Amino acid sequence: MDKMILELEQECLEAYRIKVDYASQCRARLRQTVADSEADFAYIYAALGEWPMHIRQFENNTRSLNKELELPQLEEMQKRI
């Protein structure tokens, strides 16, 4: 009985580890996408001859991803339309 419980616990821990690894990979891809988008903003500002109002630097996991996804540049550009 104890062996069965131990095996079940091991399977659960492995499933959890796989899900955590997948979530970490997704977060890294999302952060890269955000960084790429910010580079696009910088390019657009440069093409317009303007200096970006705000270029955010990521702070190694110290801020929530939701906070990082706030894009004041996009809001500013939408106001101009």
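What comes next concerns the included structure. Only a predicted model underlies this, so the values are computations on that prediction, with no experimental measurement involved. (Residues numbered from 1 in each chain as written. Predicted model: local features only at pLDDT ≥ 70, side-chain atom pairs only at ≥ 80, totals over all residues. Heavy atoms only, no water.)

**Concerning the overall build of the protein**
Right, on to step 1. Scanning the protein from terminus to terminus reveals three helices and zero strands.
Right, on to step 2. Residues counted as buried form 14% of the 81 residues belonging to the protein.
Right, on to step 3. Contacts in the protein between residues at least 24 apart in sequence constitute 57% of all its contacts with a sequence separation of at least 6.
Right, on to step 4. Summing over all exposed atoms, the protein offers an accessible surface of approximately 6,900 Å²; the carbon and sulfur share of this is 59%. (Helix = DSSP H or I, 4+ residues; strand = E, 2+ residues; numbered from the N terminus. Buried < 20%, exposed > 50% of the residue type's maximum accessible area, 1.4 Å probe, protein only. Contact = heavy atoms within 4.5 Å. Areas by Shrake-Rupley, 256 points an atom, 1.4 Å probe, with all protein chains shown as cover.)

**Concerning the pattern of salt bridges**
Right, on to step 1. Overall, the coordinates contain two salt bridges when judged by the stated rule.
Right, on to step 2. Across the pair R17 and E14 runs a salt bridge, and its minimum N-O distance is 2.5 Å. Of this pair, R17 and E14 both sit in helix α1 (residues 2-48), three residues apart, which is roughly one turn of that helix.
Right, on to step 3. Note on R17: relative accessible area 40%, which makes it partly exposed.
Right, on to step 4. Between R17 and D21 there is a salt bridge whose closest N-O contact spans 2.7 Å. Of this pair, R17 and D21 are both found in helix α1, four residues apart, which corresponds to roughly one turn of the helix.
Right, on to step 5. Each of E14, R17 and D21 takes part in a single network of salt bridges with overlapping partners. (Salt bridge = Lys/Arg side-chain N within 4 Å of Asp/Glu carboxyl O.)

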